[in-house]
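# Geometric and topological summary
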Amino acid sequence: MIKFDKKAMQKFNQIPDDIKSKILSNVYCLNCKDTVNIINFTATVDKDDLLLRGKCERCSGDVARLIEV
């Protein structure tokens, strides 16, 4: 399940679709020690940056991605 708060949705929608795809498939997982896809994530705004927190598609471990907007 993907959840966005209102401010996060606005920031996420400013990102071009091709860049969104690259961001969502380029998240580092500490368990896998590799870049992976993020799934089941929530998006919030932290200090004017977009923060995605979710699960690794491979191992289901916790992953996060900070996007400076």
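All of the points below concern the structure found in this document. (Residues numbered from 1 in each chain as written. Predicted model: local features only at pLDDT ≥ 70, side-chain atom pairs only at ≥ 80, totals over all residues. Heavy atoms only, no water.)

### What about the overall build of the protein chain?
For the protein chain, the count of helices and strands is 2 helices and 6 strands. What you see for the protein chain is a C-alpha radius of gyration of 11 Å, in line with the 11 Å of a compact globule of 69 residues. When the backbone C-alpha atoms are referred to their principal axes, the protein chain occupies close to 30 × 20 × 20 Å. In the protein chain, which comprises 69 residues, the proportion classed as buried is 30%. In the form shown here, the protein chain has an accessible surface area of approximately 4700 Å², with 48% of it arising from carbon and sulfur atoms. Between the mean site of the 12 positive side-chain charges and the mean site of the 10 negative ones, the protein chain shows a separation of 3 Å. (Helix = DSSP H or I, 4+ residues; strand = E, 2+ residues; numbered from the N terminus. Rg over C-alpha atoms; globule rule 2.2 N^0.38 Å. Buried < 20%, exposed > 50% of the residue type's maximum accessible area, 1.4 Å probe, protein only. Areas by Shrake-Rupley, 256 points an atom, 1.4 Å probe, with all protein chains shown as cover. Lys, Arg positive; Asp, Glu negative; His and termini not counted. Charge placed at Lys NZ, Arg CZ, Asp CG, Glu CD.)

### Thoughts on the pairing of strand β6 (residues 62-67)
Judged from the 6 bridges that link them, strand β5 (residues 49-56) and β6 form a sheet pairing that is antiparallel. Its bridge partner lying in β6, Lys55 is registered against Asp62. Here β5 hands over to β6 after 5 residues, with Ser60 in that stretch at a positive phi of 70 degrees. (Pairing = 2+ DSSP bridges.)

### Description of the sheet that holds β5
As summarised here, the arrangement of the 4 strands in space is β1-β4-β5-β6, forming an open sheet in which the pairing is mixed. Two strands in the sheet have a free side with no partner beyond their single neighbour: β1 (3-4) and β6. Helix α1 (residues 6-13) contacts β1, β4 (38-46) and β5 of the sheet and is inclined by roughly 105 degrees relative to β4. (Contact = heavy atoms within 4.5 Å. Axes fitted to C-alpha atoms, helices over the stretch in contact; angles between N-to-C directions.)

### Regarding the packing of aromatic side chains
Where two aromatic rings form a pair, the distance of their centres and the angle of their planes describe that pair. Applying the stated criterion to the full structure yields 2 aromatic pairs. Relative to Phe12, the ring of Phe4 lies with its centre 5.0 Å away and its plane at 50 degrees, an arrangement referred to as tilted. When its relative accessible area of 25% is taken as the criterion, Phe4 is described as partly exposed. The class of Phe12 is buried, set by a relative accessible area of 9%. Among the aromatic residues, those joined into a ring-pair cluster are Phe4, Phe12 and Phe41. (Phe/Tyr/Trp six-rings, centres within 6.5 Å; stacked < 30°, edge-to-face > 60°.)

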